[in-house]
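Spelled out, the chains give:
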Amino acid sequence: MINNNRFYVPALLAVIVSACAVSPTGRRQLALVSEDSAIVASEEAYAMQIGDLRKAGKIVSESSSVARRVDAITGRLVAQAIVMRPETADWEWSIEVIEDPEMVNAWCMAGGRMAIYTGLIQKLDPTDDELAQVLAHEISHALANHTAERMSVAIATNAGVALAGVLSEDSQRAMTTAGLAAVLAIQMPNSRTAESEADEIGIELAAKAGYNPNAAISLWQKMASAAGGGPPQFLSTHPSPANRQQRLAELAPQMMAYYEQARRNPPTRSVARADN
Ligand SMILES: [Zn+2]
């Protein structure tokens, strides 16, 4: 479908609801876009973006060791995400590894569609526990409905120019306004409040999946060290709350019981690949 009015805001009113949602940590969110609308838009955005990357040969083979490692960690985290929010069992949980050695980044859209870039793995050299913290943090943004929140900001600020280089011209023309907002949402910085929420939910999710909570602290230290040659993309989309290290250090001991219990026999769930 060709949509030449993709930034024409009235066209978007169909997907806007006037609900005021409450995040899992009790914060009130102004939800211009409902979670269901965000999930539908993200499905479209994910298919286009991954499709473009696949055509360009930038999707790492699912049989590669890096993809299998990412899949195994994601599967354990998704099993716990569903325990935390049972309705997400209906989400199309999926992950792709994107070949880009310079991009230190990962994201999860509304509805559980995720990606991680090879640059994050190569430059940070994370342990499994640390990689689990990255992915758990991303999943937490989706569980806490932050994508819809950022889509609302993308629409309100009409930030269409930020799309350059992310989607092919053809894909940009073909995508609906809401789909473009979903792409923008993963490129825009989260608020520091949303970051704190994702930190809190993420460390618990990872612990319940059998990953060491202390890795949340070492991960962010590695992320800061990697900023030497210019800040990683991950830090620009995930700005640091002032007390991040301190808060994670306080939370880690509280998560140890979950970790000790889960590490013996963590449940897992298979994670899909994007259809393309
Ligand atoms: Zn974040």
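Quick caveat: nothing in here was measured; it's all calculated off a predicted structure.

What follows is about the packing of helix H4 (residues 128–143) against helix H9 (residues 214–225). Geometrically, a packed helix pair is captured by the angle between its two axes and the distance between the axes. It is the contact of H4 with H9, at a shortest axis distance of 8 Å, that shows an interaxial angle of 85°. Classed by the angle they form, the pair H4 and H9 counts as roughly perpendicular. Note on element contacts: H9 touches H4 through Ala 215, Ala 216, Ser 218, Leu 219, Trp 220 and Lys 222, opposite Asp 129, Glu 130, Gln 133, Val 134 and His 137.

Let's shift gears to the sheet that holds strand E4 (residues 106–108). Pairing in this open sheet of three strands is mixed, and the strands run E3-E5-E4 from one edge to the other. Single-partner strands in this sheet number two, and they are strand E3 (94–98) and E4. This sheet shows a mean twist of 10° between the axes of neighbouring strands, independent of strand direction. Relative to strand E5 (residues 113–117), E4 is paired through three bridges, and the arrangement is antiparallel.

Another point: the packing of aromatic side chains. Taken as a whole and judged by the stated rule, the model has three aromatic pairs. The interplanar angle of 40° and the centroid separation of 5.2 Å between the aromatic rings of Trp 91 and Trp 93 together place this pair among those described as tilted. Like Trp 91, the residue Trp 93 is buried in the burial classification. Across the ring face of Tyr 258, the terminal group of Lys 208 is positioned such that the distance to the ring centre comes to 4.5 Å. Arg 244 extends its terminal NZ or CZ atom over the ring of Trp 220, reaching a point 3.6 Å from the ring centre.

This part is about the side chain of Ser 42. One can find Ser 42 in helix H1 (residues 35–55). Residue class for Ser 42 comes out buried when judged on its relative accessible area of 0%. Side-chain polar atoms of Ser 42 contact the backbone oxygen of Ala 38, separated by 2.7 Å. If we skip the residues at most four places from it in the chain, Ser 42 touches Met 109, Ala 110, Arg 113, Thr 147 and Ala 182.

What follows concerns the pairing of E3. Counting buried residues along E3, five of its five residues qualify, which places the element largely inside the surrounding structure. Neither face of E3 is exposed, since Ser 94, Glu 96 and Ile 98 on one face and Ile 95 and Val 97 on the opposite face are all buried. Taken together, the five bridges between E3 and E5 define a ladder with parallel strand orientation. Looking at the pairing, Ile 98 lines up with Tyr 117 of E5.

What counts, and where the lines are drawn
- Residues numbered from 1 in each chain as written.
- Predicted model: local features only at pLDDT ≥ 70, side-chain atom pairs only at ≥ 80, totals over all residues.
- Heavy atoms only, no water.
- Axes fitted to C-alpha atoms, helices over the stretch in contact; angles between N-to-C directions.
- Helix = DSSP H or I, 4+ residues; strand = E, 2+ residues; numbered from the N terminus.
- Parallel < 35°, antiparallel > 145°, perpendicular 65-115°, else oblique.
- Contact = heavy atoms within 4.5 Å.
- Pairing = 2+ DSSP bridges.
- Phe/Tyr/Trp six-rings, centres within 6.5 Å; stacked < 30°, edge-to-face > 60°.
- Buried < 20%, exposed > 50% of the residue type's maximum accessible area, 1.4 Å probe, protein only.
- Lys NZ or Arg CZ within 6 Å of the ring centre and 35° of its normal.
- Polar contact = N/O pair within 3.5 Å; in protein donor to acceptor, adjacent residues only side chain to side chain.

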